[in-house]
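Chain by chain, the residues run as shown.
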Amino acid sequence: NPLIGVLALQGDVREHVGLLERAGARAVPVRRPAELAGVDGLVLPGGESTTMSRLLETFELLEPLRERIAAGMPAYGSCAGMILLARQVLDGRPDQRQLDGLDVVVRRNAFGRQVDSFEGDLDFQGLDGGPVHAVFIRAPWVEKAGDGVDILAQVPDTVEAGDAAARIVAIRQGPVLATAFHPELTGDERVHRLFVGMVRDG
Ligand code: GLN
């Protein structure tokens, strides 16, 4: 079974490890360059992308991680992880760094200041078993996606969704997967199964 790391600088590390194991992988926290070098793929949890960017530099993980992603290592980012994997962030901090694994522009804290969190059922391309219940917490959305990016889920286009209607919230580009929401909070392991499959195929 593949060995998948969970970036352990911030966020729901234990929950991601648990879901990866349920999805058939071996999973380990990753905090050091040597640990990164030993994994077949990496999950980047949610948290705060500006803080995570700073911690990646402090832990001397930023450049090794950029290099592994450029070399094709499978990666899955949730929420802040999606922001880090994007090529560009809107409403970010000027010093926040990007891993450049996805040809997308994301907007940070996109769902609005008042509405910190938002939940909804999403149709998710390629996942069997019905809609995914998605929990968004100060989440980004994808504002612009390049031609090579597959759109896997969008917020339903309803009046209640307001500005969020039809926004892109799950994507894949080759070996890199990202969701604006947190599957580790609902315990739905299907997104992790998809990622474990990507790591196996890679
Ligand atoms: N708002 C956070 C950021 O900018 C992301 C929130 C999350 O990961 N739950 O990084």
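Thresholds, definitions, all that
Residues numbered from 1 in each chain as written. Predicted model: local features only at pLDDT ≥ 70, side-chain atom pairs only at ≥ 80, totals over all residues. UniProt positions renumbered as here; feature names shortened; annotations may be inferred. Helix = DSSP H or I, 4+ residues; strand = E, 2+ residues; numbered from the N terminus. Buried ≥ 20, exposed ≤ 12 C-beta atoms within 10 Å, placed from the backbone. Contact = placed C-beta atoms within 7 Å. Arc of directions from axis to C-beta. Pairing = 2+ DSSP bridges.

Student: Which residues make up the UniProt feature "active site" (unreviewed entry) in the protein chain, and what values go with them?
Tutor: In the numbering adopted here, UniProt assigns the feature "active site" (unreviewed entry) to C79, H182 and E184. Despite a sequence span of 106 residues, these residues sit close together in the fold, their greatest C-alpha distance being 11.2 Å. You can see H182 is positioned in the loop between strand 12 (176-179) and helix 6 (183-186). Residue H182 is classed as buried on the basis of its 23 C-beta neighbours within 10 Å. What H182 contacts, discounting residues up to four positions off in sequence, is D12, G46, S78, C79, V135 and I137. Of the residues examined, E184 has 27 C-beta atoms within 10 Å and is grouped as buried.

Student: Describe helix 3 (residues 49-58), with residues and values.
Tutor: Residues of helix 3 that are buried include every one of S49, M52, S53 and L56, and no others. Buried residues of helix 3, seen end-on, are gathered within an arc of 105 degrees and therefore sit on one face of the element. For helix 3, the secondary structure elements touched by its buried residues are helix 4 (62-70) and helix 5 (80-85).

Student: I'd like a rundown of the pairing of strand 11 (residues 168-173), residues and numbers included.
Tutor: Bridge analysis of strand 10 (residues 150-154) against strand 11 gives four bridges, and the strand direction is antiparallel. The residue bridging A153 from the neighbouring strand is A170, located in strand 11. Both strand 11 and strand 12 contribute to a ladder of four bridges, which runs antiparallel. When the bridges of strand 12 are listed, I171 appears paired with A178. The antiparallel pairing of strand 11 with strand 12 creates a hairpin that spans two residues between the two strands, and G174 there sits at a positive phi of about 55 degrees.

Student: Got a sec to walk through the UniProt feature "binding site: L-glutamine" (unreviewed entry) in the protein chain? Specific residues and values, please.
Tutor: Under the present numbering, the feature "binding site: L-glutamine" (unreviewed entry) in UniProt falls on G47, E48, S49, R108, I137 and R138. Look at the named residues: they lie 92 residues apart in sequence, but the longest C-alpha span between them is just 12.7 Å, so in the fold they bunch up. Following the sequence through the fold, S49 ends up in helix 3. Given 29 C-beta atoms within a 10 Å radius, S49 is considered buried. With residues near it in sequence (within four places) discarded, S49 still touches A80, I83, L84, Q96 and R108. With respect to the helices and strands, the residue R108 is situated in the loop between strand 6 (102-107) and strand 7 (117-122). For R108, a count of 21 C-beta atoms within 10 Å corresponds to the buried category. Residue contacts for R108: discarding those within four places in its chain leaves S49, I83, V89, L90, D91, G92 and P140.

Student: Describe in detail unusual backbone geometry, supporting the description with residues and values.
Tutor: Notably, N109 is not glycine yet its phi reads approximately 50 degrees, a positive angle. Here N109 lies in the loop between strand 6 and strand 7. The residue A166 is not glycine, and still its phi comes out positive at about 70 degrees. One can find A166 in the loop between strand 10 and strand 11. Judged by C-beta crowding, with 13 C-beta atoms within 10 Å, A166 ranks as partly exposed.

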